[in-house]
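# Per-entry structural report
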Amino acid sequence: MTTARIVLFGATGFTGRLTAEALVRRGARPLLAGRDQGRLDALAASLGTDPPTAVADVSRPESVRRLIEPGDVLISTVGPFLRWGEAAVTGAIDAGAVYLDSTGEPPFIKRVFQRYGPAAAARGAALLTAFGYDYVPGNLAAALALDKAGTEAVRVDVGYFVSGDMARRASAGTRASALGMILEPMHGFREGRIVREEGRTRVFRVGGRRRHGLAVGASEHFTLPPAHPGLREVNVYLGWLGALTRPAGLLARATPFVAAIPGVRRATEALADRVLRSGGTPSAAGPDVSSQIVAEAYDGRGRLLAAVELDGGDPYDFTAEILAWAAVTALEDGVRGTGALGPVDAFGLDALTQGCAEAGLNEAA
């Protein structure tokens, strides 16, 4: 019998490095995995705990599968996930492991729930996709709001907002993922089913200010309805674009037509590859960077029943800390269920609230 471990795949990337540091702060000794042995050795030396390392590459899926044993917890920070994320998912399923990732890519999230969830349940694996700033906070805020609202709630709206200079903080992987999503369809949940989303916008009031949000596909669309059977509509909005939100909504409606133009997808992928090759070091998190996540629950007449706001700091720091919390908790205590799970499903509302608080995200007074 081998001892179960935490395996961090993509450890030398920006989010991977932050996650490795967060794991070490929690007393874990993860197996660091990536493509480049030299970079892995340098990271291991910087952590000061002599963690083990292993070379694995998504171009050789068997190398990823060999990393994982039954009972392990695999964290994947290898993006863009729509292009490179599946080797880690299938490897975790084959091993019957617990899988966590840092994706924010709607088509990949949808794929995990619809394509890989049933296979994971059959093998005793648990898949926790989008387990970072995208989209743990909204799952928590919505669950708290729905808990307060009671059984009358039929709709919940979630909004994600960031204050401060996030443009300089964005990693190459984040920029490449964003480019890859330009031509991809979004999803929502309305009339009790997953539907295509096309550029809806709305205004929230956050901290006394009007904040605009653009509808996006998220994990909340898959995780909230099973836990709250009365829900008929789930909407998730990103509010990072400010005054550009409405033009972005118009562009989103035109996406199917733009994507059909010959050569457009190839050009977008080439640009994303160029962004990844350019690399660059994101700026350090500044004290001015903060995040606000709002969830509002409504009844069938459109009456607001309950609202919750969560306040936190830098999204990248939160992602690393919550991934580390989840991995250590899953390794020590397990998760609740198999298949594709949401954050509340996997850990329970009270534990997730505490985990998010430890990662710097708390309910506003």
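Look above for the structure.
These lines cover the structure that appears in this document, whether it is placed above or below. Computed from a prediction, not measured in an experiment: that's the story for all the values here.

Relative to the elements of secondary structure, L361 occurs in the loop between α14 (349-358) and β16 (362-363). For the pair L361 and D314, spaced 47 residues apart in the sequence, the C-alpha separation amounts to 9.9 Å.

Take the nonpolar core next. The biggest cluster of nonpolar side chains holds 73 residues, and the ones touching the most others in it are L23, L32, L100, L128 and F131. Tallying contributions element by element places helix α12 (residues 315-333) first for this core, with 11 residues. L100 has contacts with V73, L74, I75, S76, L128, F131, L323, A326 and A327, leaving out every residue within four places of it along the chain. Counting residues in hydrophobic clusters, the runner-up holds 27 residues, among them V64, L67, I93 and A120.

Before going further, it helps to examine unusual backbone geometry. In this chain, G79 is followed by P80 through a cis amide linkage whose omega measures 0 degrees. Counting through the fold element by element, P80 comes out in the loop between β4 (73-76) and α4 (81-84). Here D134 and Y135 are connected by a cis peptide whose omega angle stands at 0 degrees. Turning to its location among the elements, Y135 is positioned in the loop between β6 (126-128) and α7 (136-149). The backbone phi angle of D50 is positive, close to 55 degrees, even though this residue is not glycine. Secondary-structure assignment places D50 in the loop between α2 (37-47) and β3 (53-55).

A few words now on the sheet that holds β3. Reading across from one edge, β3-β2-β1-β4-β5-β6-β15 is the order of the 7 strands in this open sheet, with parallel pairing throughout. Pairing within the sheet leaves two strands with one partner each, and these edge strands are β3 and β15 (339-340). Summarising the sheet, strand β1 (residues 6-9) and strand β2 (residues 31-34) pair through 3 bridges and their orientation is parallel. What sits directly across from F9, in β2, is A33. Of the strands in this sheet, β1, β2 and β4 touch helix α1 (residues 14-25), which is tilted by about 160 degrees from β1.

This part covers the pairing of strand β13 (residues 290-298). A large share of β13 lies buried, amounting to 8 of its 9 residues. Bridge count for β13 against strand β14 (residues 304-312) is 8 bridges, and the pairing is antiparallel. In the strand pairing of β14, A297 is matched with A306. Connecting β13 to the antiparallel partner β14 that follows it, the hairpin turn spans 5 residues, and G302 within it adopts a positive phi of roughly 80 degrees.

So, about helix α5 (residues 86-95). Extensive coverage of α5 is indicated by the burial of 7 of its 10 residues. Among all positions in α5, only A87, A88, V89, G91, A92, I93 and A95 are buried. Just past α5, the residue G96 takes up positive phi, approximately 70 degrees.

Evaluated as defined, the whole model comprises 16 salt bridges. Notably, a salt bridge pairs E363 with K148, separated by 2.8 Å at the nearest N-O pair. With a gap of 215 residues between them, E363 in strand β16 and K148 in helix α7 connect regions that are remote in the sequence. Judged by relative accessible area, which is 39%, E363 ranks as partly exposed. Three or more residues joined by partner-sharing salt bridges are found here, namely E152, D299, R301 and R303.

Where burial is concerned, the two faces of β2 agree: the one with L31 and A33 and the one with L32 and G34 are both buried. Following the backbone out of β1, through α1 and into the adjacent parallel β2, one traces a crossover that is right-handed. Bridge analysis of β2 against β3 gives 3 bridges, and the strand direction is parallel. Opposite G34, over in β3, you have V55 as the bridge partner.

Conventions and cut-offs
Residues numbered from 1 in each chain as written. Predicted model: local features only at pLDDT ≥ 70, side-chain atom pairs only at ≥ 80, totals over all residues. Heavy atoms only, no water. Helix = DSSP H or I, 4+ residues; strand = E, 2+ residues; numbered from the N terminus. Core = buried A, V, L, I, M, F, W, Y, C linked by side-chain atoms within 4.5 Å. Buried < 20%, exposed > 50% of the residue type's maximum accessible area, 1.4 Å probe, protein only. Contact = heavy atoms within 4.5 Å. Pairing = 2+ DSSP bridges. Axes fitted to C-alpha atoms, helices over the stretch in contact; angles between N-to-C directions. Salt bridge = Lys/Arg side-chain N within 4 Å of Asp/Glu carboxyl O. Right-handed = clockwise from strand over helix to strand, strands pointing away.

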